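Chain and residue survey
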Amino acid sequence: MQLFTFRYSLLLLLCAVLVGCEGAPPSDQVFQGKTMGTVWRVTASGLTPEQAKQLPRLIQQRLDADDQELSTWKKDSWLTRFNHNPSLEPQPISDNVATIISSALYVGRMTEGAMDITVGPLVNLWGFGPRAIPTHTPSVSQISAARNKVGLQHLTLSDTVSGSTLRKDIPDLYVDLSTVGEGFAADHLARLMEEQGVRNYLVSVGGALISRGQHQQGQPWRVAVQKPTDKFNQAQVIVDLQGHGISTSGDYRNYYELEGKRISHIIDPSTGQPIEHHLVSATVIATTALEADAWDTGLMVLGTEKAKALANKLHLAVYLITKQGDNFVGWASPTFKTFLVNEPEK
């Protein structure tokens, strides 16, 4: 089973200046596989034969361990056990979970609840979790009942002498980490690269990426933000990550039609409804892929104008694409512009 469904990467990996990974020099080695309902990819430069032999196994082991901890699909995962445990007592958690929860709670506060890892009941109600897609639009009473189980105020993260704990104050609170899990996993792979002595790499898990160093041609790793269409792959803008993480959230691939209406997988916790505004993708560059992954979801929920205001207020590196009629209009925050290799299309 899987942690994430319908999640597609909205980022195109560029291993050289403007060429695809398939054209990378032989010394840029590429490894890839599946995890958490999505795909992972690692491109590394200057590996020794022993590193190249060991990395695929070590990568998969680490990702499998993350999935075992964070999955809402696996019945024996830590997260599933926490969600099904009605206890209101503090539960001990790993450093990994503490890192994810801490970042998610911070972004949740900064977005006034737009990014909410307890939104699981609503996600499941609309058919984007382990449950099947509904045959009819959820009723007002169903949405209201699900919203009563949602809210970051019901989740408390604490640090103790013996380690971190997590407590819920309603027994059926449901934590869903799919909005931040890819970013955490990408950071976790980056740490694995460092542990193995790899200094030049670009790693991705789903739509979250992070890089260090340079590729074989001596140039920085560059990434293109994809045009928001599921008909073809084309770059909207290209960025030099400068050792940062990047993540993109969008709603143009992950949706279904129900009773003549387009249903987005991105749910607004304040309404309990899928978003209906015209912001189609939000890309964020941050110190870690986890941070970027948390912010992009929150900004997508907020919509274009509120996302712009928050990006400017907090000096976030943000690129938004809004649909206006038949056109897509891009907007880059001042901080994001410092990463740009090419100017955004008008």
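Residues numbered from 1 in each chain as written. Predicted model: local features only at pLDDT ≥ 70, side-chain atom pairs only at ≥ 80, totals over all residues. Heavy atoms only, no water.

1. Considering the overall build of the protein chain
For clarity, the threshold we go by: Strands are runs of DSSP state E lasting at least 2 residues, helices are runs of H or I lasting at least 4, and numbering of each runs from the N terminus. The rule is simple: take the accessible area with a 1.4 Å probe, protein chains only, and divide by the maximum for that residue type; under 20% is buried, over 50% is exposed, in between is partly exposed. In short, Shrake-Rupley with a 1.4 Å probe defines the accessible areas, and a residue's cover is counted only from the protein chains shown.
If you tally the helices and strands in the protein chain, you get nine helices and 18 strands. Taking all 346 residues of the protein chain together, the buried fraction comes to 57%. Put simply, the protein chain shows about 15100 Å² of open surface, and 51% of that area lies on carbon and sulfur atoms.

2. Details of the packing of helix H1 (residues 49–70) against helix H6 (residues 181–195)
Our working definition: Axis lines are fitted to C-alpha atoms, over the contacting stretch for helices. Their N-to-C directions set the angle, which ranges from 0 to 180 degrees. Crossings are sorted by hand: turned counterclockwise from the far helix by less than a right angle, the near helix makes the crossing left-handed, and turned clockwise it makes it right-handed. By definition, residues are in contact when any of their heavy atoms lie within 4.5 Å.
The N-to-C vectors of H1 and H6 enclose an angle of 145°; their axes lie 10 Å apart at closest approach. Handedness of the crossing formed by H1 with H6: right-handed. In this structure, H1 uses Leu-55, Leu-58, Ile-59, Arg-62, Leu-63, Asp-66 and Leu-70 to contact H6, whose residues at the interface are Phe-184, Ala-185, His-188, Leu-189, Arg-191, Leu-192, Met-193 and Glu-195.

3. Some points on the packing of helix H7 (residues 289–302) against helix H8 (residues 304–314)
Put simply, the test is: Oblique is the label for any angle not covered by the other classes, which are roughly parallel (under 35 degrees), roughly antiparallel (over 145) and roughly perpendicular (65 to 115).
In the contact formed by H7 and H8, the axes pass within 6 Å of each other and the chain directions differ by 135°. Between H7 and H8, the crossing angle belongs to the class labelled oblique. Along its contact with H7, which presents Trp-295, Leu-299 and Leu-302, the element H8 presents Thr-304, Lys-306, Ala-307, Leu-310 and Leu-314.

4. Remarks on the pairing of strand S3 (residues 38–45)
Sheet faces and side chains relate simply in a regular strand, where the side chains alternate between the two faces. What counts here: What makes two strands pair is DSSP finding at least two bridges between them.
In terms of burial, S3 is a largely internal element, seven of the eight residues being buried. Across eight bridges, the pairing between strand S2 (residues 28–35) and S3 is antiparallel. For Phe-31, the partnering residue across the bridge sits in S3 and is Val-42. Two successive antiparallel strands, S2 and S3, enclose a turn made up of two residues, where Met-36 displays a positive phi of approximately 55°. Direction of pairing for S3 relative to strand S7 (residues 201–205): antiparallel, over a ladder of five bridges. Within S7, the residue paired with Trp-40 across the bridge is Val-205.

5. Structural notes on unusual backbone geometry
Not every positive phi belongs to a glycine, and Glu-112 is a case in point at roughly 55°. Relative to the helices and strands, Glu-112 resides in the loop between helix H3 (95–110) and helix H4 (120–125). Taking the relative accessible area as the measure of exposure, Glu-112 reaches 76% and is therefore exposed. The phi torsion at His-315 lies on the positive side, around 55°, for a residue other than glycine. Mapping His-315 onto the fold places it in the loop between H8 and strand S17 (317–324).

6. Some words on the nonpolar core
Put simply, the rule reads: In these notes, a set of buried Ala, Val, Leu, Ile, Met, Phe, Trp, Tyr and Cys residues joined through side-chain atoms within 4.5 Å is what counts as a nonpolar core.
Core analysis: the biggest nonpolar cluster contains 44 residues, and Ile-101, Ile-117, Val-175, Leu-177 and Val-318 have the highest contact counts within it. For Ile-101, the contacting residues outside a window of four places in its chain are Ile-117, Leu-157, Leu-166, Val-175 and Leu-177. Of all hydrophobic cores here, the second largest spans 24 residues; its members include Phe-31, Leu-47, Ala-52 and Ala-186.

7. Quick look at the environment of Pro-269
Position of Pro-269 among the secondary structure elements: in the loop between strand S14 (267–268) and strand S15 (273–274). On the basis of relative accessibility, which here comes to 11%, the residue Pro-269 falls in the buried class. The sequence separation of Pro-269 and Val-301 amounts to 32 residues, and the corresponding C-alpha distance is 8.6 Å. Setting aside its immediate chain neighbours within four residues, Pro-269 contacts Gly-113, Ala-114, Asp-116, Val-119, Leu-122, Arg-147 and Val-301.

8. Some words on the sheet that holds strand S4 (residues 91–92)
Reading across the sheet, the three strands line up as S4-S6-S5 and stay open at both edges, with antiparallel pairing between neighbours. The open sheet has two free edges, formed respectively by S4 and strand S5 (155–160), since each of these has just one partner strand. Bridge count between S4 and strand S6 (residues 163–168): two bridges; the pairing is antiparallel. Each bridged residue has a counterpart across the sheet, and for Pro-92 the counterpart in S6 is Thr-165. Strands in contact with H3 are S5 and S6; relative to S5, the strand with the most contacts, it is inclined by about 130°.

9. A word on the sheet that holds S17
What holds strands together in a sheet is hydrogen bonding between their backbones, with the strands either parallel or antiparallel. Across the sheet, which stays open at both edges, the eight strands sit in the order S2-S3-S7-S8-S11-S16-S17-S18 with antiparallel pairing between neighbours. Whereas interior strands pair on both sides, the edge strands pair on one side only; in this sheet they are S2 and strand S18 (327–332). Here the average twist between neighbouring strands, direction ignored, is 15°. Bridge analysis of S7 against strand S8 (residues 208–212) gives five bridges, and the strand direction is antiparallel. From the neighbouring strand, Val-203 faces S8, where its bridge partner is Ile-210. In this fold H6 packs onto S3, S7 and S8, with an angle of close to 150° to the strand it touches most, S7. Helix-sheet contacts for H8 involve strand S16 (279–286), S17 and S18, and the interaxial angle to S17 is about 165°.

10. Details of the pairing of strand S10 (residues 235–240)
For S10, the tally of buried residues reaches five of six residues, placing the bulk of the element in the interior. As paired strands, strand S9 (residues 222–226) and S10 are joined by five bridges and run antiparallel to one another. What sits directly across from Val-225, in S10, is Val-237.

11. Looking at the pattern of salt bridges
For the record, the criterion: One speaks of a salt bridge when a side-chain nitrogen belonging to Lys or Arg is within 4 Å of a carboxyl oxygen belonging to Asp or Glu.
Enumeration according to the criterion identifies three salt bridges in this entry. Glu-194 serves as the salt-bridge partner of Arg-199, at 3.1 Å between the closest nitrogen and oxygen. Look at Glu-194 and you get partly exposed, because its relative accessible area is 32%.

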